[in-house]
Amino acid sequence: MELDLTPKLPKQVYGGDGGSYFAWCPEELPMLKEGNIGAAKLALKQYGFAVPRYSDSPKVAYVLQGSGTAGIVLPEKEEKVIAIKKGDSIALPFGVVTWWFNSEEADLEILFLGETHKAHKAGQFTDFYLTGSNGIFTGFSTEFVGRAWDLDETTVKTLVGSQTGKGIVKLGEDFKMPQPKVEDRDGFVINCLEAPLDVDIKDGGRVVVLNTKNLPLVGEVGFGADLVQIDGHSMCSPGFSCDSALQVTYIVGGSGRVQVVGADGKRVLETHITAGSLFIVPRFFVVSKIADPEGMSWFSIVTTPDPIFTHLAGRTSVWKALSPEVLQAAFKVDPEVEQLFRSKRTSDAIFFPPSK
């Protein structure tokens, strides 16, 4: 059966005055189920509050736009209240309880990417809400809740039944939420737009990689991530993950073309991609992208904490490592053609600006 790798947009799962929650569906993007990958997006309007919840999957959150506040509680730890803004990335391991709030006029949008190997449904996140009409305590009897919290029946009914919203609610303009603490960001957040660049090619592109070195919680999540920005008309070198990882890519901004080649030299995807779309590259498949004039950026997770990539162009590519005679025999070309091939792309670059 041929895999459908066509990039897709998310669909709204629920929403209201406070904002909406969107998700990519395995039925429309089969590689989600095939690769046990989940993908979702939270969009909060002003005073929108995503009530406390935990998930059945580890995730990485990336702030696509806006600014706001996040509450994070690791198992058996105190709450961290963190100011978040565009470019922030947060690792969310198993068992973490989170809430999200937007006090600003501009919408706050957060992308969630993660693995679903231990989830209830392959290719899909399941969140468990602590409050609201679908909160976990609405399922317990008044007796059980009263015993657990040491409260009388009337108080229990007030606590459990007062919040009739589901997942996302809109708070009053005068309601005061906890104030973020600068020190709470340490070890939890890295801003991909401000962090030191791992790759910086003039007129080509830039990369910031999230791994266990700059965000230790990535080790608990179990996969790495990166933010890639390429300039107008630039190309990202053809390459693949050589440690059997999947590449899950969300287009943050701009647009461009993408090609993916699989087994037997078959091109399995050739399409134009735009901001907001998501696609997945299977294990060992080779992918390359060329940006449109305005450039293109994407946020990706790779399903291993410290991914290793092999690029098929540039000085460090496998072509440069192979001996001339092997290349001549493999391509069935004479030494002059082999030498011309070898003399090109002699830098370490993985991004190639357009020829001048």
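Residues numbered from 1 in each chain as written. Predicted model: local features only at pLDDT ≥ 70, side-chain atom pairs only at ≥ 80, totals over all residues. Heavy atoms only, no water.

> Sorry if this is basic, but what is going on with the UniProt feature "domain: Cupin type-1" (unreviewed entry) in the protein chain here?
Per the UniProt record, the feature "domain: Cupin type-1" (unreviewed entry) sits at residues 3-157 and 195-339. Secondary structure content for residues 3-157 is 12% helix and 45% strand, while the C-alpha to C-alpha distance between its ends is 50 Å. (UniProt positions renumbered as here; feature names shortened; annotations may be inferred. Helix = DSSP H or I, 4+ residues; strand = E, 2+ residues; numbered from the N terminus.)

> I would appreciate a short explanation of the sheet that holds strand β10 (residues 108-115) in the present structure.
Within a beta sheet, neighbouring strands are joined by backbone hydrogen bonds and run either parallel or antiparallel to one another. The antiparallel open sheet is built from seven strands, whose spatial order is β1-β2-β3-β10-β5-β8-β13. The sheet is open, and its two borders are formed by β1 (11-16) and β13 (189-191), each paired with just one other strand. Put simply, the sheet's adjacent strands are angled 20 degrees from each other on average, direction ignored. Note: strand β3 (residues 37-44) against β10, eight bridges, orientation antiparallel. Looking at the pairing, Ala40 lines up with Phe112 of β10. (Pairing = 2+ DSSP bridges. Axes fitted to C-alpha atoms, helices over the stretch in contact; angles between N-to-C directions.)

> Looking at this structure, I do not really get a nonpolar patch on the surface. What am I missing?
The grouping of Trp149, Leu151 and Leu159 at the surface amounts to a nonpolar patch, some 270 Å² of accessible area in total. By the secondary structure assignment, Trp149 is in helix α2 (residues 142-149). (Patch = residues over 30% accessible without salt bridge, like charges linked within 9 Å, V, L, I, M, F, W, Y side chains within 5 Å. Areas by Shrake-Rupley, 256 points an atom, 1.4 Å probe, with all protein chains shown as cover. Salt bridge = Lys/Arg side-chain N within 4 Å of Asp/Glu carboxyl O.)

> I'm lost on the domain arrangement of the protein chain in this one. Help?
One frequently used descriptor of interface size is the decrease in accessible area upon assembly of the parts. Each assigned domain of the protein chain is listed with its residue range as follows: domain 1 (11-185) and domain 2 (189-352). Summarising the inter-unit geometry, the C-alpha centres of domain 1 and domain 2 are found 32 Å apart. At the junction of the two partners, domain 1 supplies 28 residues and domain 2 supplies 26 residues. A buried area of about 2,400 Å², summed over both sides, lies between domain 1 and domain 2, and 74% of it is on carbon and sulfur atoms. Connecting domain 1 to domain 2 are one salt bridge. Linking Glu194 and Lys85 is a salt bridge whose minimum nitrogen-to-oxygen distance equals 2.8 Å. Counting across the domain 1 and domain 2 interface gives six residue pairs in polar contact (both at pLDDT 80 or more). Elements with a minimum of two residues in the side of domain 1 that touches domain 2: α1 (31-35), β3, β5 (59-65), β7 (80-85), β8 (88-92) and β10. A total of five residues in the side of domain 1 that touches domain 2 trace back to one element, the largest contributor, which is β8. Its residues assigned to classes, the side of domain 1 that touches domain 2 shows 17 nonpolar, four polar and seven charged. (Domains from an automatic or database assignment. Contact = heavy atoms within 4.5 Å. Buried area = accessible area lost by both parts, 1.4 Å probe. Polar contact = N/O pair within 3.5 Å; in protein donor to acceptor, adjacent residues only side chain to side chain. Nonpolar A, V, L, I, M, F, W, Y, C, P; charged D, E, K, R; others polar.)

> Please explain the nonpolar core as it appears in this structure.
The nonpolar side chains of a soluble globular protein tend to be buried, and buried together. In terms of nonpolar packing, the biggest core is built from 86 residues, with Leu42, Ile84, Trp100, Ile110, Leu278, Ile280 and Phe299 touching the most fellow members. Looking at which element gives the most residues to this core, the answer is strand β21 (residues 286-302), with six residues. Lining this core are residues from two domains, each supplying at least three of them: domain 1 (11-185) and domain 2 (189-352). (Core = buried A, V, L, I, M, F, W, Y, C linked by side-chain atoms within 4.5 Å. Buried < 20%, exposed > 50% of the residue type's maximum accessible area, 1.4 Å probe, protein only.)

> I tried to follow the pairing of β8 on my own but got confused; where do I start?
Residues in a regular strand point their side chains to alternate faces of the sheet. In terms of residue burial, β8 counts as a mostly covered element, since five of its five residues are buried. Neither face of β8 is exposed, since Asp88, Ile90 and Leu92 on one face and Ser89 and Ala91 on the opposite face are all buried. With four bridges joining them, β5 and β8 adopt antiparallel strand pairing. Within β8, the position partnered with Ala61 by the bridge is Ile90. Sheet topology places β8 next to β13; three bridges connect them, and they run antiparallel. When the bridges of β13 are listed, Ser89 appears paired with Ile190.

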